[in-house]
Amino acid sequence: MSDKFFELKDVESGTTSRLGVSEGSIGPAVVDIGRLYRDHGVFTSDPGFVATASCESKITFIDGEKGVLLYRGYPVDQLAANSSFLEVAYLLLYGELPTASEQSEFAGLIMHHTMINETLLRFFNGFHFNAHPMAMVSGVVGSMSAFYHDSMDIKNPEHREIFAHRIIAKMPTIAAAAYKHSVGQPFVYPRNDLDYCSNLLNMFFAVPCEDYEVDPVAAEALDLLFILHADHEQNCSTSTVRLAGSSGTNPYAAIAAGVSALWGPAHGGANEAVLKMLEQIGDTSQIPKYVARAKDRDDPFRLMGFGHRVYKNFDPRAKIIREMCHKVLTQLGTTDSPMFELALRLEEIALQDEYFVEKKLYPNVDFYSGIIYRALGIPVSMFTVMFAIARAVGWVAHWQEMTADPSTRIGRPRQLYTGPTERDYIAVSERD
Ligand code: SDX
C-alpha cells in the first residue's frame, strides 16, 4: 500500500472514508474499497468487471491503449520471434526464462506425462460422434480429478507442480482423442521423440495404415500460435479458474471450469465463430452488407474477432498472426488464401468505418488464428480446443499464483438486489 489515498465522502451523512491506494510496478494503481460497506453500508457496482482488479498478479501485463502484452515482463512479440511454447510455459509458471538445462529437464517432464489413463481414453466412446470437442474436453479434463488422488493436496507445492506438468502435457492428447473420436479414427498415442507441437499434429493426423510425416512449417506455426494464446491477464476463463480454485476445489475441476468459460463465442469460441462468419459473408462483395448489420443495434450480428474489453488499439497478437498467415499459407501452399484475402479486406473496410473507429474496435487474437488452424488441416470445431491447449498454461500459472498466496480468500461477490421486498406466503387456494 502506498501513502496515497482517496477520500470518499457521503454528502448526505457527512461520513468520509480514506481509501488506501496500491501502486503496481506498471499500469493503473488500485483503490482498496474493502471498508466501503463497513463505513457507508454500500457495495461498489462494476458489471463485467470493466474497472475492477480482482487480484494482484506478477504473471502478465496488458496495456490496452498502447497494445502492449508482456509475459513476466517480456514483450510477446519478442517471445514470438525467439522463444518456443514450452519455454514460454516455463516462463509463465516459474517467472524466469529457463537455462538450457532447466528447459531440457522441463520439456522432458512434460513429454513424459503426455499419456492419459487408458480408462480415461475410453470415456470418449461415451460421446456421440458429433459431440462438440469442447464438450468432450471439458468433461474429460474434469474427470482427471477422479484419477490423480496422489496429487490433490493443493497446499503441497510438489502436488501443485505435478498437476501443472500433467495438465500441460495431457491437453494435446485429450484434444487429439476428441478429434479422432469425432472422425471415427483410432486414437494415436503420444510419442516422446517428437516436440510438443509435432506430437500434437502426429496424434491428430497419423493413421495406422501409413507413415505420417509432420510438416515442420505446421509445427512451427502451431508453436507460435500457442505462444500468443498462452496467457492474457484476468480474462474471463482465467478469472473463472481463479474463482473456482478459490473454493479449494481440486485443480482439474478448476481447469475444467476455465475450459467451459473459454468456449463462449464472446471469448475463445470467437475463433470458430470468425470462420463461420467469413464463410457466411462468402466474398468481398458482401462485406458492406455485413458491416452494416454489425453496426445495427437491432441486429444481433457482430463482427466476430473484432473488439476487445482491454485493447482499444490493435491486439498485438492479431498483428503477429496476420503477418504469419501470409507466410504459412504460402509455405503450406494451401488454397485458403481467398479466406485470408476476405479477412484482410473485411479488416480494411471495417477500420475505415466511423463506427469501428469511434468504438475502437480492432481485430483481436481470434480474427486471423482460425485461418491458420484451417490451413493446418484442423477442423473449425477444434479451433477453441486449440486455444484451450495453449491457455491451459496461463490457467495453471494463475491457479498456482493464487493457491500459493496465503492471503487468498474464497471469491464471493455481492449484488444490487432489485427483486421483491419481503412478503408472506399465499396458499394456492388463495392465488388467483
Ligand atoms: C478473447 O479478455 C481477454 O483478454 C480475452 C482474450 C484472451 O486472450 O483471453 O483476448 C480472447 O476473448 C478475444 C475476444 C473474442 N471475442 C470476439 O471477437 C467476439 C466479438 N467481440 C465482442 O463481442 C466484444 O467486442 C467483446 C466481447 C470482445 C468485448 O465486449 P465488451 O468489452 O463488453 O464491449 P461491448 O460488448 O460493451 O461493446 C462496446 C460497444 C457496443 O456498442 P454500444 O452498446 O456501445 O453502442 O461496441 C460494440 C457493442 O455493440 N461492439 C461491436 C463488436 N464488439 C463490440 N459491434 C460490432 N461488432 C463487434 N465485434
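Structure first, text after, so check above.
Counting of residues starts from 1 at the beginning of each chain's written sequence and follows it residue by residue. Local features are withheld for residues below a pLDDT of 70 in this predicted model, meaning they are given only at 70 or higher, and side-chain atom pairs are given and counted only at 80 or more; totals for whole chains, interfaces and linings count all residues. Heavy atoms throughout the structure, all of them, feed into the side-chain values; hydrogens and water do not.

**Side note on a negative patch on the surface**
- Taken together, the side chains of Glu102, Glu105, Glu158 and Glu161 define an acidic patch exposed on the protein surface.
- Working definition: helices are DSSP H or I runs of at least four residues, strands are E runs of at least two. Numbering for both runs from the N terminus. Following the sequence through the fold, Glu161 ends up in helix α7 (residues 157-183).
- The buried label goes to any residue with under 20% of its type's maximum accessible area, the exposed label to any with over 50%, and the partly exposed label to all in between, with areas taken from a 1.4 Å probe on protein chains only. Among the residues examined, Glu161 registers a relative accessible area of 32% and is labelled partly exposed. Here a patch means residues that are over 30% exposed by relative accessible area and free of salt bridges, tied together within 9 Å if like-charged and within 5 Å if nonpolar (Val, Leu, Ile, Met, Phe, Trp, Tyr). For accessible areas, the Shrake-Rupley method is used with a probe of radius 1.4 Å. Any residue's cover is judged against the shown protein chains and nothing else. Any carboxyl oxygen of Asp or Glu that lies within 4 Å of a side-chain nitrogen of Lys or Arg is treated as forming a salt bridge with it. Charged residues are defined here as Lys and Arg on the positive side and Asp and Glu on the negative side; His and the ends of the chain fall outside this count. A charge is said to be at NZ when it belongs to Lys, at CZ for Arg, at CG for Asp and at CD for Glu.

**Structural notes on the sheet that holds strand β3 (residues 30-31)**
- Strand order in the open sheet formed by 3 strands is β1-β2-β3, with antiparallel pairing between adjacent strands. Edge positions in the open sheet fall to β1 (5-9) and β3, since each of these has one partner strand only.
- As paired elements, strand β2 (residues 16-22) and β3 share 2 bridges and run antiparallel to each other. Note on β3: the bridge partner recorded for Val21 is Val31. Two strands qualify as a pair provided DSSP detects at least 2 bridges between them.

**Points about the pairing of β2**
- Sheet analysis places β1 next to β2, joined by 5 bridges and oriented antiparallel. Within β2, the residue paired with Lys9 across the bridge is Thr16.
- Between β1 and β2, which follow one another and run antiparallel, lie 6 residues, and Gly14 among them has a positive phi close to 85 degrees.

**Quick look at a nonpolar patch on the surface**
- A surface patch of nonpolar side chains, about 240 Å² in accessible area, is lined by Phe6, Val31 and Ile33.
- Mapped onto the secondary structure, Val31 falls in strand β3.
- Since its relative accessible area comes to 31%, Val31 is described here as partly exposed.

**A short note on the site of the ligand**
- His232, Arg297, Leu303, His308 and Arg317 are the nearest of the 24 residues found near the ligand.
- Interatomic distance of 2.8 Å between a side-chain N/O atom of Arg391 and an oxygen atom of the ligand.
- For the ligand, whose unbound accessible area comes to 1,000 Å², protein coverage reaches 77%.
- Asp, Glu, Lys and Arg are counted as charged, while Ala, Val, Leu, Ile, Met, Phe, Trp, Tyr, Cys and Pro are counted as nonpolar; the rest, among them Gly, fall into the polar class. Counted by class, the shell around the ligand contains 10 nonpolar, 7 polar and 7 charged residues. Residue proximity to a molecule or strand is established when one non-hydrogen atom of the residue lies within 4 Å of it. Polar contacts here mean pairs of N or O atoms no more than 3.5 Å apart (in protein, one a potential hydrogen donor and the other a potential acceptor; neighbouring residues in sequence count only if both atoms are side-chain atoms).

**Describing helix α3 (residues 85-94)**
- A large share of α3 lies buried, amounting to 8 of its 10 residues.
- Among the residues making up α3, those that are buried are Phe85, Leu86, Val88, Ala89, Tyr90, Leu91, Leu92 and Leu93.
- Immediately downstream of α3, the backbone of Gly95 shows phi near 95 degrees, a positive value.

**Comments concerning the pattern of salt bridges**
- Tallied over the entire structure, the rule returns 17 salt bridges.
- Among the ionic pairs, Lys58 bridges to Glu56, the shortest N-O distance being 3.2 Å. Each of the two residues, Lys58 as well as Glu56, counts as exposed.
- With a shortest N-O distance of 2.5 Å, Glu401 and Arg242 are connected by a salt bridge.

**Comments concerning the state of the cysteines**
- In what follows, a disulfide is any cysteine sulfur pair within 2.5 Å. Scanning the model with the defined rule gives 0 disulfides in all.
- Distance from the sulfur of Cys197, which forms no disulfide, to the nearest cysteine sulfur (Cys325) is 17 Å.
- Overall, the relative accessible area of 1% leaves Cys197 in the buried class.

**Examining unusual backbone geometry**
- Even without a glycine there, the phi angle at Phe49 is positive, about 55 degrees.
- Look at Lys360: it is not a glycine, yet its phi comes out positive at around 55 degrees.
- Inspection of the secondary structure puts Lys360 in the loop between α16 (354-358) and α17 (365-375).
- Residue Lys360 is classed as partly exposed on the basis of its relative accessible area, which comes to 38%.

**Things to note about empty space enclosed by the protein**
- A cavity here means a set of points on a 1 Å grid, drawn over the protein atoms and nothing else, where a 1.4 Å probe fits but cannot get out; a pocket is an open set with protein on both sides within 12 Å along at least five of seven lines, and a residue lines either one if it has an atom within 4 Å of a point. Grid points are joined across faces, edges and corners, and a volume is the space filled by probe spheres set on the points. Inspection of every chain in the model, using the stated rule, returns 1 cavity of 30 Å³ or more.
- Roughly 90 Å³ of volume is contained in the largest cavity.
- Lining the largest cavity are Met115, Ile116, Leu121, Thr173, Ala176, Ala177, Lys180, Phe187, Val188, Tyr189, Pro190 and Met203.
- When residues in the lining of the largest cavity are grouped by element, the largest group, 4 residues, is from α7.

**Focus on α17**
- For α17, the tally of buried residues reaches 10 of 11 residues, placing the bulk of the element in the interior.
- Regarding α17, the residues found buried are Val365, Asp366, Phe367, Tyr368, Ser369, Gly370, Ile371, Ile372, Tyr373 and Ala375.
- Here the buried face of α17 lies against α9 (216-229), α12 (270-281), α14 (316-332), α15 (337-350) and α18 (383-403).
- At the C-terminal side of α17, Gly377 shows a positive phi close to 90 degrees. Only heavy atoms enter the contact rule, under which two residues are in contact if any of them lie within 4.5 Å.

**Comments concerning the layout of surface pockets**
- By volume, the second largest pocket is sized at about 220 Å³.
- Elements supplying a minimum of two residues to the lining of the second largest pocket: α2 (76-82), α9 and α14.
- Counting residues per element, the lining of the second largest pocket draws most heavily on α9, at 6 residues.

**Focus on the packing of α9 against α17**
- Axis definition: a line fitted to C-alpha atoms, limited for helices to the stretch in contact. Angles are taken between N-to-C directions and run from 0 to 180 degrees. For the pair α9 and α17, interaxial distance at closest approach is 11 Å and the crossing angle is 160 degrees. Looking at the two axes, α9 sits roughly antiparallel to α17. Pair α9 / α17 crosses with left-handed handedness. Contacts from Ala221, Leu222, Leu225, Phe226 and His229 of α9 reach α17 at Val365, Ser369, Ile372 and Tyr373. Orientation labels follow simple angle bins: below 35 degrees gives roughly parallel, above 145 gives roughly antiparallel, 65 to 115 gives roughly perpendicular, and whatever is left gives oblique. Handedness of a helix crossing follows the sense of rotation of the near helix relative to the far helix, less than a right angle counterclockwise being left-handed and clockwise being right-handed.

**Regarding the packing of aromatic side chains**
- Here a Phe, Tyr or Trp ring, Trp counted by its six-membered ring, pairs with any other such ring whose centre lies within 6.5 Å, and the pair is stacked when the planes are under 30 degrees apart, edge-to-face when over 60, and tilted otherwise. The final tally for this structure, using the stated rule, is 24 aromatic pairs.
- Each ring, one from Tyr355 and one from Phe356, has its centre 5.1 Å from the other, and the planes form 70 degrees; the classification is edge-to-face.
- On the basis of relative accessibility, which here comes to 23%, the residue Tyr355 falls in the partly exposed class.
- Judged by relative accessible area, Phe356 falls into the buried class, the value being 3%.
- Ring-pair connections join several aromatic residues into one group, and the members of that group are Phe306, Phe340, Tyr355, Phe356, Phe367 and Tyr368.
- Put simply, a charge is over a ring when the Lys NZ or the Arg CZ is close to the ring centre, within 6 Å, and near the line of the ring normal, within 35 degrees. Above the face of the Phe5 ring, Arg18 is positioned so that its terminal group lies 3.7 Å from the ring centre.

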